[in-house]
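# Understanding the architecture of this molecule
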Amino acid sequence: MTAPAPTVATPGAARRHPGRSRAVLLVPAGLGVALVVLPLLGLLLRTDWGSFASNLSAPVVWPAIRLSLVTTLVTVALCFVLGTPLAWLLSRADGRAATWLRAVLTVPVVLPPVVGGVALLMAYGRRGVVGAPLFEAFGLRLPFTPTAVVLAQVFVSLPFFVLAVEGAMRAVDARYDAVAATLGATPLRIFVRVALPLAAPGIASGAALAWARALGEFGATITFAGNFAGSTQTAPLAVYVALQNDPQAALALSIAMLAVSLLVLGMLRGRWIR
Amino acid sequence: MTLDARILVDRGAVTVDVPLAVADGSVVAVLGPNGAGKTTALHALAGLVHLRDGHVRVDGQTWAGPGLHLDPAQRAVGLLAADHLLFPHLTARDNVAFGPRSRGAPRRDAAARAERELDALGVADLAGRRPEALSHGQAQRVALARALATDPRLLLLDEPLSALDPAVRPHIRATLAARLRAYDGVTVLVTHDPLDALTLADHLVFVEDGTVVQEGTPADVVERPRDPYVAHVVGLNLYPGTTTDGETVATPLGPVVTAGLGHRGRSWVAFAPSAVALYPDEPHGSTRNVWRARIATVELVGQTARIRLLAGVDDVPLLAEVTAGSVAALRLHPGTALWAGVKATEVSAYPS
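Residues numbered from 1 in each chain as written. Chains lettered and ligands numbered in written order. Predicted model: local features only at pLDDT ≥ 70, side-chain atom pairs only at ≥ 80, totals over all residues.

Quick look at the overall build of chain B now. Counting its secondary structure elements, chain B contains nine helices and 21 strands. With respect to the three principal axes, the spread of C-alpha positions in chain B is 80 × 45 × 35 Å. Taken across its 352 residues, chain B has 43% of its residues classed as buried. For chain B, contacts bridging at least 24 residues in sequence account for 63% of all contacts bridging at least 6. (Helix = DSSP H or I, 4+ residues; strand = E, 2+ residues; numbered from the N terminus. Buried ≥ 20, exposed ≤ 12 C-beta atoms within 10 Å, placed from the backbone. Contact = placed C-beta atoms within 7 Å.)

Structural data, given as structure tokens:
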């Protein structure tokens, strides 16, 4: 009988040991999970479930939820109407202009939202580039209105939508465009009848991304639209305010937003995320 | 002439310059190796690519010319590619109806037209299916129906059979031939398969590096290739050369004694691979053309063996066809040195 091969003891033995080596990976990975899961657990554990229903009916809650629902739905609709043609044109363009446009559209993704709010004020504020002439001509005042809430949300979420949908439309074989053109389809008909149906899953997930980003929007909104209960105080702003004087209402509102977010994520998983 | 075109397009390093003149109801095949510019020429006819110069006229109507470019949607054109490219989200019927609908036909008329086109190609029973539920051959027939449903004056076929399973190819080829006979417009077929060209086309145009190297009827081209690629496609050995006596032609292979050509000067020499006989030792008989040769490759196709040889002093490629039996009897394998011979009566020669 031959003896089993002797293990070579070296200073690096710990690294060679599969179990210990795996632990080196598991510890940071586990810590990462904890950093994400602990706050969510905290939210669930500190919520007073007995009075959840009554907290949810606190006066600050419902107007904020309603405003968030209405403005985010308008935002998503605007993203679809404006962003889908933009994504389609970008997906079929390969010039320098398209590259630059793509880069510019990415800016709001990386820009601190507060800076976005300041930029919006400089554009649409009473002395803004567009805001001043609008006010002088029509007496129209955009900042601190629900319209401003939508503008802020579109500013931050349209880029998400366009980038996601452009990817989906790029994946639509360009030879379909060519065939449709030889069959007599105009560019508009190719967009509606070929590009939209074939990119539908990508459009849906882009819309969900844009919606989630709009729902969570805080910095640009509070800077540009303010924080007026009933007219510009969206759910995230209401949570922040309620945390000062009615923490249980803030928790109830947070749980409601968490539930809606999970619902959207679940729908995406089931239908569009493989 | 119903199609009258001169296609001049820059495509990377290659300049495609192809004139085409085709009468109604006829089929012209454009053949050439990969990258020769065949598909580019086809796309220029469809309007997917802009001409640098030249023109496209169909039925006397100018589709493209100096300062003029009609979009594909404005041209009466139908395009069928190797991949059927049926819209995956539409049924076969809606795919075929897409063209008529795009050109303004009411929904009901477009659907009826689609049914008729599908029926003409024997796939009416598949009208309700999505492309994913069709075989390759079925999908290609639906795609042909779609290309024809807009009454194109110009039907463009881009390697229409090349993506098909070889087992179904003859069947689809026959369907295509029958449908093309009934079609009264002009068909331009791009292919690299000589069988497609010879069975479907009335006129062949060979394109290499963007320019036409030979054109003519299939019979003419098969009999008298004037270009190495054309000879390769029709399966003949072809050598350029010169003759001073109208009988023996000096070629890269060496002097070749021919059946006689009554011409002096530059000539082509052609003979079939099956006319080449192989001998293990130098033959001393009636065969007047004999070369030393070495086998490069041996390929068996059924009972026939295609032997690629390097022959003569300069190792010139020579293709021979012998029976599978002689491969075994003569022990033919790559590297074997032997003698190749062709009778003068088997060699045709013609002025170049």
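Now that the structure has been shown, the text picks up again.
The secondary structure content of chain A amounts to 14 helices and zero strands. Each helix and strand of chain A, placed in order from N terminus to C terminus, yields the pattern α-α-α-α-α-α-α-α-α-α-α-α-α-α. For chain A, whose C-alpha radius of gyration is 25 Å, the value lies well above the compact-globule estimate of 19 Å for 274 residues. Principal-axis analysis of the C-alpha atoms places the extent of chain A at approximately 100 × 65 × 35 Å. Looking at the 274 residues of chain A, the share that counts as buried comes to 34%. Expressed as a percentage of contacts within chain A between residues at least 6 apart in sequence, the contacts between residues at least 24 apart total 77%. (Rg over C-alpha atoms; globule rule 2.2 N^0.38 Å.)

The subject of this paragraph is the domain arrangement of chain B. Residue and element names in this part refer to chain B. The assigned domain composition of chain B is domain 1 (3-229) and domain 2 (236-351). With centres defined by C-alpha atoms, the gap from domain 1 to domain 2 works out at 38 Å. The class makeup of the residues in the side of domain 1 that touches domain 2 is two nonpolar, no polar and two charged. (Domains from an automatic or database assignment. Nonpolar A, V, L, I, M, F, W, Y, C, P; charged D, E, K, R; others polar.)

What follows covers the interface of chain A and chain B. Tallying the contact residues gives 14 residues for chain A and 17 residues for chain B. Secondary-structure elements contributing two or more residues to the side of chain A that touches chain B are helix 9 (174-182) and helix 10 (187-198) of chain A. Among the elements that make up the side of chain A that touches chain B, the one with the highest residue count is helix 9 of chain A (six residues). Each residue belonging to the side of chain A that touches chain B can be placed in one class, and the counts come to nine nonpolar, three polar and two charged.

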